[in-house]
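Spelled out from the first residue to the last, the chains are:
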Amino acid sequence: MEFFIVFGAIVNLCNPIVELIYGITPLPVYWAYIIAAAVFAVIYALKAVGLYTMVKKRGMNKKIWAAFVPFASTWLIGELAGPVRVGKSKFAYFGLLAMFTEILLCVCYALQFIPMAYAISQGMYVINTFEENGMQYASVDFLIGNWNTVMNAAVIADYIVWILNIICCAFLFMGFFRAYAPASYIWLIIVCILFPILTGIFVFAFRNRNFVDYEKYMQARMEQIRRAQQQYGPYGPYGPYGPYRQNPGAPYGQNPGTPYGQNPGAPYGQNPGAGAQGGAPDPFSEFSSPKSSSQSDPFGEFTQGKDKDDQGKDGGDGQDGPAS
């Protein structure tokens, strides 16, 4: 199928209407065949080597031949993936279904693109130009008789078969990537559905991996998570604010209920109730003046002179009344 995907993309650049729309010279039709064949050869070789290695590691030697046969390689991917769970049941035939839908899809592609390429290469077409709302438009009619009807029918069938192929391939890739890349199988499924030519590259990349039973893998993961919760608490080993090491539930310190200090009820210092004047030093001591009492008069600089005057008026001895 990789051949027709690439061929269908390249043959559109061979359409003579490209020169009218984009102002570039159309690509010769034979280049579409050459480029598509080259890409297919590379993807085919990578997929064949990857599947061959996987089959040898699994001991499935009787099925090695399928790694080198187009379409059969899709069936072989399903054999490597094994049964795929859908709901409460397991199905082991998604590889076979994907192979059949892939064959039908390639037939639809061939009935669309090969007659088009032949008509372009033989000059069997007419370019129609028209203007609408001040805009210039162009279309191409291929002069290939009843093949136009066949091409139109293939386009309609293409959409139906394409949807069926996506459904089958989604379950096929689910089983395959769960077995060989269980930690990242979701994004691999999406990528391979959107870009099927990348499937062979992923198969080659995972050829040396061991088969993984996905259900046992998930059971081991759940057991690991359960043990971590029992040891470190519901938030795991890292918690919402920091590591739980000695005392679970102590996000900032070692003693439960002491988020900032070592002693309960002492959020800023070591002694309960000790604020700026307790056991903790005064952070602004360099700006403070010596104090004769527990509290200094904040207006002392204005009252010192007044006190001296009052003492003079009282006779200088600090007692009321005139001096004797």
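Before any of the text, the structure's been laid out above.
A quick note: this is a predicted structure, and the numbers were derived from the prediction, not measured.

Of the pockets and cavities examined, the largest pocket occupies roughly 420 Å³. For the lining of the largest pocket, the elements supplying multiple residues, two or more each, are α1 (2-11), α4 (72-81), α5 (94-121), α6 (147-180) and α7 (185-194). Residue composition of the lining of the largest pocket, grouped by class: 16 nonpolar, four polar and four charged. By volume, the second largest pocket is sized at about 280 Å³. Surrounding the second largest pocket, 15 residues form its lining, Pro83, Lys90, Asp213, Tyr214 and Glu215 being those nearest its centre. Breaking the lining of the second largest pocket down by element, the ones donating at least two residues are β1 (84-86), α6 and α9 (214-232). Broken down by element, the lining of the second largest pocket gets its largest block of residues, four residues, from α6. Its residues placed into classes, the lining of the second largest pocket shows eight nonpolar, two polar and five charged.

Below, the discussion takes up the packing of aromatic side chains. Geometrically, a pair of aromatic rings is defined through the distance of the ring centres and the angle of the planes. Tallying each qualifying case throughout the model produces 20 aromatic pairs. Here a set of aromatic residues connected by ring pairs shows up, and it is made of Phe173, Phe176, Phe177, Tyr180, Trp187, Phe202, Phe206 and Phe211. Between the NZ or CZ atom of Arg58 and the centre of the ring of Phe211, over which it lies, the distance is 4.0 Å. Its end group placed over the ring of Phe204, Arg207 keeps NZ or CZ at 4.0 Å from the ring centre.

Within the secondary structure layout, Lys56 lies in helix α3 (residues 29-58). Judged by relative accessible area, which is 43%, Lys56 ranks as partly exposed. Ignoring any residue separated from it by four or fewer positions in sequence, one finds Lys56 in contact with Asn61 and Ile64.

This part is about the state of the cysteines. One pass over the full model with this rule turns up zero disulfides. Note on Cys106: no disulfide assigned, nearest cysteine sulfur contributed by Cys108 at a separation of 9.3 Å. Residue Cys106 is classed as buried on the basis of its relative accessible area of 5%.

A full pass over the atoms with the stated rule returns six salt bridges. The residue Lys63 makes a salt bridge to Glu79 at a minimum N-O spacing of 2.6 Å. Of this pair, Lys63 sits in the loop between α3 and α4 while Glu79 sits in helix α4, placing them 16 residues apart in sequence. On the accessibility criterion, Glu79 (24% relative accessible area) is partly exposed. Between Arg226 and Glu223 there is a salt bridge; the shortest N-O distance is 2.3 Å. In this pair, Arg226 and Glu223 both sit in helix α9, three residues apart, roughly one turn of the helix. Take Glu223: its relative accessible area is 28%, and that puts it in the partly exposed class.

Analysis parameters
Residues numbered from 1 in each chain as written. Predicted model: local features only at pLDDT ≥ 70, side-chain atom pairs only at ≥ 80, totals over all residues. Heavy atoms only, no water. 1 Å grid on protein atoms, 1.4 Å probe; cavity = no way out; pocket = protein on both sides within 12 Å on 5 of 7 lines; lining within 4 Å. Points joined across faces, edges and corners; volume = space filled by probe spheres on them. Helix = DSSP H or I, 4+ residues; strand = E, 2+ residues; numbered from the N terminus. Nonpolar A, V, L, I, M, F, W, Y, C, P; charged D, E, K, R; others polar. Phe/Tyr/Trp six-rings, centres within 6.5 Å; stacked < 30°, edge-to-face > 60°. Lys NZ or Arg CZ within 6 Å of the ring centre and 35° of its normal. Buried < 20%, exposed > 50% of the residue type's maximum accessible area, 1.4 Å probe, protein only. Contact = heavy atoms within 4.5 Å. Disulfide = S-S within 2.5 Å. Salt bridge = Lys/Arg side-chain N within 4 Å of Asp/Glu carboxyl O.

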